[in-house]
Amino acid sequence: MLLAIDCGNTNTVFSIWDGQRFLCTLRTSTEHQRTADQYFVWFSTLLNHFGIKADIDGVIISSTVPRVVFNLRVFSDRYFGCRPLVVGKPECRLPVDVRVDAGTQVGPDRLVNTVAGYDLYGGDLIIVDFGTATTFDVVDTDGAYIGGVIAPGVNLSLQALHEAAAALPHIDVTKPERVIGTNTVDCMQSGVFWGYVGLINGICERIKAEHGRTMKVIATGGLAPLFQQGTDMFDMFEDKLTMHGLTVIFEHNKEG
Ligand SMILES: Nc1ncnc2c1ncn2[C@@H]1O[C@H](COP(=O)(O)OP(=O)(O)O)[C@@H](O)[C@H]1O
Ligand SMILES: CC(C)(COP(=O)(O)O)[C@@H](O)C(=O)NCCC(=O)O
Ligand SMILES: [K+]
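Residues numbered from 1 in each chain as written. Chains lettered and ligands numbered in written order. Predicted model: local features only at pLDDT ≥ 70, side-chain atom pairs only at ≥ 80, totals over all residues. Heavy atoms only, no water.

By the naming in an unreviewed UniProt entry, the chain is Type III pantothenate kinase, taken from Roseovarius azorensis. For the chain, the Sequence similarities (unreviewed entry) comment in UniProt is given as "Belongs to the type III pantothenate kinase family." Recorded in UniProt under Function (unreviewed entry), the annotation for the chain is "Catalyzes the phosphorylation of pantothenate (Pan), the first step in CoA biosynthesis." (UniProt positions renumbered as here; feature names shortened; annotations may be inferred.)

Below, the structure is given as structure tokens:
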């Protein structure tokens, strides 16, 4: 069985793939100080709790935080006896091309999303991923990653408002009934929700115009369903897009 680890700037998600389906999805906050042994205590406790017997013989990692990879490598080696495949490292081959400026870094999560989107829906895609940052990944006709957009994440925007202005409280994003807020919280919620809807629609329209071909838009990430209530730009919502991409990349590397 494969253990797929998707490490974002806020959360790290572990999922076990038995070849047919994901047996579980476990989430922990991303902290580079966490040791291999700490991961294992947490991981084995939860597997026990859910009654999952997993015979893990492969590990694949995508991490937007380079520093956490060391301890995850030790975790994989010590507890499952295997060397993990790390997306973005030269030894990890991708089934798609990456066409960006020479010498530039691309977030491994964006490459994994590209692979997953192309596997599920073919080329000419925009993938919108709501994480710490909101990313728009553009997938060409042949499945290549050709760039995209990085925007501040929804919670980051709310946090910035709160931290920069003394009179603005910390709030969570929700869909406000009206655009015109009649109190501070409603005004902030409107700014972030409708502002973000405008950002999603505007960026997707401009990407489509620039790309010049019909494109499908796939949304993923925890906040995607919320924004689906404010825009009809998304053609699909894929909850496990990154996890799917990790299984595809693992298989691709086994084949060669
Ligand atoms: N279903 C959800 N509802 C509300 N907030 C969410 C949901 N899912 C994720 N978030 C929030 O969105 C932010 C980004 O989360 P996550 O998708 O884990 O990002 P990353 O992949 O960058 O670690 C976090 O602040 C998280 O608490
Ligand atoms: C843009 C990101 C910070 C998004 O990360 P996330 O929100 O998933 O934690 C990450 O993909 C990243 O660090 N990218 C490197 C630069 C790039 O992709 O062009
Ligand atoms: K993201």
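## Things to note about the site of ligand 1
By nearness alone, every residue bordering ligand 1 is listed as Gly 8, Asn 9, Thr 10, Asn 11, Arg 27, Phe 130, Gly 131, Thr 132, Asn 155, Gly 222 and Leu 223. In this structure, an oxygen atom belonging to ligand 1 sits 2.9 Å away from a main-chain N or O atom of Thr 10. The contact in question runs from an oxygen atom of ligand 1 to an N or O atom on the side chain of Asn 155, over 3.0 Å. Bound to the protein, ligand 1 loses 61% of the 560 Å² it would expose on its own. By residue class, the composition of the shell around ligand 1 is 2 nonpolar, 8 polar and 1 charged. Split by domain, the shell around ligand 1 shows at least three residues from each of two domains, domain 1 (2–86) and domain 2 (122–245). (Near = heavy atom within 4 Å. Polar contact = N/O pair within 3.5 Å; in protein donor to acceptor, adjacent residues only side chain to side chain. Areas by Shrake-Rupley, 256 points an atom, 1.4 Å probe, with all protein chains shown as cover. Nonpolar A, V, L, I, M, F, W, Y, C, P; charged D, E, K, R; others polar. Domains from an automatic or database assignment.)

## Considerations on the domain arrangement of the chain
For the chain, the domain assignment lists domain 1 (2–86) and domain 2 (122–245). Taking only C-alpha atoms, the centre of domain 1 and the centre of domain 2 are 27 Å apart. Each side of the interface is counted separately: domain 1 has 9 residues, and domain 2 has 5 residues. For the pair domain 1 and domain 2, the two sides together bury roughly 550 Å², of which 73% comes from carbon and sulfur. A per-residue breakdown of the area domain 1 buries against domain 2 is headed by Asp 6, Thr 10 and Phe 22, which together make up 60% of the total. Our count for the contact surface shared by domain 1 and domain 2 stands at 0 salt bridges. Taken together, the connections running from domain 1 to domain 2 amount to 1 residue pair in polar contact (both at pLDDT 80 or more). (Contact = heavy atoms within 4.5 Å. Buried area = accessible area lost by both parts, 1.4 Å probe. Salt bridge = Lys/Arg side-chain N within 4 Å of Asp/Glu carboxyl O.)

## Thoughts on the site of ligand 2
Of all residues adjacent to ligand 2, which total 13 residues, the nearest are Asn 9, Gly 107, Asp 109, Arg 110 and Ala 133. Take Asp 109: an N or O atom from its side chain is 2.8 Å from an oxygen atom of ligand 2. Thr 132 has a polar backbone atom sitting 3.1 Å from an oxygen atom of ligand 2. Relative to its unbound accessible area of 470 Å², ligand 2 is 75% covered by the protein chains. Elements that contribute at least two residues to the shell around ligand 2 include exactly helix H3 (108–121) and strand E7 (133–139). Looking at the shell around ligand 2 residue by residue, the classes come out as 3 nonpolar, 8 polar and 2 charged. Both domain 1 (2–86) and domain 2 (122–245) contribute no fewer than three residues apiece to the shell around ligand 2. (Helix = DSSP H or I, 4+ residues; strand = E, 2+ residues; numbered from the N terminus.)

## Section: the UniProt feature "binding site: substrate" (unreviewed entry) in the chain
If you check UniProt for "binding site: substrate" (unreviewed entry), the listed places come out as Gly 107, Pro 108, Asp 109, Arg 110 and Thr 184 in our numbering. The named residues occupy 78 residues along the chain; their greatest pairwise C-alpha distance, 38.2 Å, places them well apart from one another. Relative to the elements of secondary structure, Gly 107 occurs in the loop between strand E5 (85–86) and H3. Tracing the backbone shows Asp 109 in helix H3. Taking the relative accessible area as the measure of exposure, Asp 109 reaches 16% and is therefore buried. (Buried < 20%, exposed > 50% of the residue type's maximum accessible area, 1.4 Å probe, protein only.)

## Here's the deal with the pairing of E7
Side-chain positions along a regular strand alternate between the two faces of the sheet. With 6 of its 7 residues buried, E7 lies for the most part within the structure. The pairing of strand E6 (residues 125–130) with E7 spans 6 bridges and is antiparallel. Pairing of Asp 129 across the sheet is with Thr 135, part of E7. Taken together, E6 and the strand that follows it, E7, pair antiparallel across an intervening segment of 2 residues. Where E7 meets strand E8 (residues 145–152), 6 bridges bridge the pair, whose relative direction is antiparallel. (Pairing = 2+ DSSP bridges.)

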